[in-house]
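Each chain is listed here by its residues.
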Amino acid sequence: MTDDLLARHRAVLPSWMPLYYAEPIELVSGSGRRVTDAQGRTYLDFFGGVLTNMIGYDIPEIREAVERQLATGIAHTSTLYLIRQQVELAEKIAQRSGIPDARVFFTNSGTEANEAALLVATNHRRSHQILAVRNSYHGRSYAAMGVTGNRTWSASGLNPLQVAWLHSGDRVRGLLARLSADEQVDAAVEDLREVLATQTAGDVAALIAEPIQGVGGFVHPPDGLFAGWKKVLDEHGILFIADEVQTGWGRTGEHFWGYQAHGVTPDLLTFAKGIGNGFALAGVVGRAEVLESVSAISFSTFGGNPISTAAGNAVLDYLIAHDLQANAARVGAILADGLRSAVGNLDCVAEVRGKGLMLGVEFVRPGGSEPDPALTNRVFEAAREGGLLAGKGGLHGNVLRMGPPLTLTEEEAREGLAILVDAIRSAAGVAA
Ligand SMILES: Cc1ncc(COP(=O)(O)O)c(C=O)c1O
């Protein structure tokens, strides 16, 4: 029983690992975009295990690929031996990354992918100075936490890096809020020049940035801002790392990678979450010259193992064969337009933002920009009661986040939209 499981969970797992919902749920089965909990209630899933079940649940092509690998008797060999699926997946990712002469290193998680990117960047540049963005999240190791600009997710101040902070693309609050897109780009570039001149010793290794900040509540800068930054970075030889853990694989609809909205090519790109559709698969892609900057043995026991890369190949093949990027653009527009027209004008909604199937609604106290996490929580609970799972995020916990599987259909988008609109209106006390 779930109640019993909750007590057992609390007795044996650490309390700093949060559980969603006043009455936490156990998801016991799934199919397509729907999951069923231990009480037998079925939900439309608009969060996909934090944007990780990118294709959806119980997808035959992925299950069969994993089952084929299991049937060989080999679940694991270690990277001391050739792994056919790993090489095949690396070839596909290198080719799709947009990075010339690319090499791929596989890890188990986004944290490790960023850790590896930071390792090669700092080795390559012989500097431990890094530029990071406020309101970011990059993972839970010391270096990844060190470049995370969110107090709620910073569990330690110990940091192997020296970090200087740039402004995020927040349009609701902060120094660059309410500027026009062009003004924001100019101000952010000027800020970068000032930060380099005042907070660094000049020889900075890299800038790490998420094209759309995931944990940060889907805040994103105006298109082209990374190009403004990159011009300055190039003057100094500073590398650019795009953390595509949430934004990759066509989720933004308009592009395959989030960085492409800015007309730049990163030196390093990190990926995780969606590519495994639930199997532990992540990694970093980079120019050979940079990724080869490791002068010792460095290997990951499980990174890119036969099972996870069998899944990864099946996920990527499915994604491309079904053009899920185009689906994200089409179905995402239904959601975004529907949300904007139904709730965009409410006093308590500061912004409906995001791209493709990565959409957020930020809630504030009416008439200003004071965050309203309590209202956000009411909306979040009401959506669940209505049969829809969503996520929460933002620096102040006041953003509802939607990151459904990229296979979401138009009917499912409309169904979810109706639940969300009802949840927002009822939680905000607005008559239907
Ligand atoms: C943008 C981003 N980078 C890195 C990570 C860390 O990934 P993981 O939890 O797989 O270590 C996350 C996780 O949410 C993320 O959203």
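Note: the structure precedes this text.
Residues numbered from 1 in each chain as written. Predicted model: local features only at pLDDT ≥ 70, side-chain atom pairs only at ≥ 80, totals over all residues. Heavy atoms only, no water.

## A look at the site of the ligand
Now for step 1: All residues adjacent to the ligand are Ser109, Gly110, Thr111, Asn114, Tyr137, His138, Gly139, Glu210, Asp243, Val245, Gln246 and Lys273.
Now for step 2: Between Gly110 and the ligand, the recorded distance is 2.8 Å, taken from a backbone N or O atom to an oxygen atom.
Now for step 3: Measuring from an oxygen atom of the ligand, one finds a side-chain N or O atom of Gln246 at 2.8 Å.
Now for step 4: For the ligand, the accessible surface in isolation is 390 Å², of which the surrounding protein chains cover 84%.
Now for step 5: When residues of the shell around the ligand are assigned to their parent elements, the largest contribution, three residues, is made by helix 5 (residues 110-125).
Now for step 6: Split into classes, the residues belonging to the shell around the ligand amount to two nonpolar, seven polar and three charged. (Near = heavy atom within 4 Å. Polar contact = N/O pair within 3.5 Å; in protein donor to acceptor, adjacent residues only side chain to side chain. Areas by Shrake-Rupley, 256 points an atom, 1.4 Å probe, with all protein chains shown as cover. Helix = DSSP H or I, 4+ residues; strand = E, 2+ residues; numbered from the N terminus. Nonpolar A, V, L, I, M, F, W, Y, C, P; charged D, E, K, R; others polar.)

## A few points about the sheet that holds strand 2 (residues 34-37)
Now for step 1: Read from one edge of the open sheet, four strands run 1-2-3-13, paired in mixed fashion. The sheet is open, and its two borders are formed by strand 1 (27-31) and strand 13 (388-389), each paired with just one other strand.
Now for step 2: Direction of pairing for strand 1 relative to strand 2: antiparallel, over a ladder of four bridges. Bridge pairing in strand 2 places Ser31 opposite Arg34. (Pairing = 2+ DSSP bridges.)

## Quick word on the sheet that holds strand 12 (residues 358-363)
Now for step 1: The antiparallel open sheet is built from four strands, whose spatial order is 11-12-15-14. Two strands close off the open sheet at either side, each with one partner strand: strand 11 (349-355) and strand 14 (391-393). Sheet twist, expressed as the mean angle between neighbouring strand axes with direction ignored, is 25°.
Now for step 2: Pairing geometry for strand 14 and strand 15 (residues 399-402), over three bridges, is antiparallel. When the sheet's bridge partners are listed, Gly393 is paired in strand 15 with Val399.
Now for step 3: Its contacts with the sheet place helix 11 (residues 324-343) against strand 11, strand 12 and strand 15, and it is angled at close to 170° to strand 11. (Axes fitted to C-alpha atoms, helices over the stretch in contact; angles between N-to-C directions. Contact = heavy atoms within 4.5 Å.)

## Considering the packing of aromatic side chains
Now for step 1: Taken as a whole, this structure holds 12 aromatic pairs when the rule is applied.
Now for step 2: With centroids separated by 5.9 Å and ring planes inclined at 65°, the aromatic side chains of Tyr20 and Tyr21 adopt a geometry described as edge-to-face.
Now for step 3: Their ring planes at 10° and their centres at 4.5 Å tell us that Tyr21 and Phe380 sit as a pair that is stacked. Of this pair, Tyr21 sits in the loop between helix 1 (2-12) and strand 1 while Phe380 sits in helix 12 (residues 373-386); the two residues are 359 residues apart in sequence, bridging distant segments of the chain.
Now for step 4: Classification of Tyr21 as buried rests on a relative accessible area of 11%.
Now for step 5: Here the aromatic residues Phe106, Trp249, Phe256, Trp257 and Phe271 are joined through ring pairs into a cluster of three or more.
Now for step 6: Note that Arg96 overlies the ring of Phe256, its terminal NZ or CZ placed 5.3 Å from the centroid. (Phe/Tyr/Trp six-rings, centres within 6.5 Å; stacked < 30°, edge-to-face > 60°. Buried < 20%, exposed > 50% of the residue type's maximum accessible area, 1.4 Å probe, protein only. Lys NZ or Arg CZ within 6 Å of the ring centre and 35° of its normal.)

## Regarding the environment of Thr301
Now for step 1: Within the secondary structure, Thr301 sits in the loop between helix 9 (288-291) and helix 10 (306-321).
Now for step 2: Judged by relative accessible area, which is 41%, Thr301 ranks as partly exposed.
Now for step 3: It is 9.2 Å that separates the C-alpha atoms of Thr301 and Asn108, two residues lying 193 residues apart in sequence.

## Concerning the nonpolar core
Within soluble globular proteins, side chains that are nonpolar generally end up buried alongside one another.
Now for step 1: Grouped together as the largest cluster of nonpolar side chains are 94 residues, with contacts concentrated most on Trp229 and Trp249.
Now for step 2: Once you skip the residues sitting within four places of it in the chain, Trp249 turns out to touch Met54, Ile93, Phe256, Trp257, Phe271, Ala272, Ile275, Leu316, Leu319 and Leu406.
Now for step 3: One finds Val120, Ala121, Val147 and Leu161 within the second-largest nonpolar core, a separate group that totals 19 residues. (Core = buried A, V, L, I, M, F, W, Y, C linked by side-chain atoms within 4.5 Å.)

## A look at the side chain of Arg251
Now for step 1: In this fold, Arg251 is placed in the loop between strand 8 (239-243) and strand 9 (268-271).
Now for step 2: The buried charged residue Arg251 lacks any salt bridge partner; its closest oppositely charged side chain belongs to Asp45, at an N-O distance of 9.5 Å.
Now for step 3: Reaching out from Arg251, the side chain makes a polar contact with the backbone oxygen of Pro404 at a distance of 2.8 Å. (Lys, Arg positive; Asp, Glu negative; His and termini not counted. Salt bridge = Lys/Arg side-chain N within 4 Å of Asp/Glu carboxyl O.)

## Comments concerning unusual backbone geometry
Now for step 1: Positive phi, close to 45°, is recorded for Asp101, a residue that is not glycine.
Now for step 2: Position of Asp101 among the secondary structure elements: in the loop between helix 4 (84-97) and strand 4 (102-107).
Now for step 3: For Asp101, a relative accessible area of 53% translates into the label exposed.
Now for step 4: Non-glycine residue Lys273 carries a positive phi angle of around 40°.
Now for step 5: Following the sequence through the fold, Lys273 ends up in the loop between strand 9 and strand 10 (282-287).
Now for step 6: Judged by relative accessible area, which is 24%, Lys273 ranks as partly exposed.

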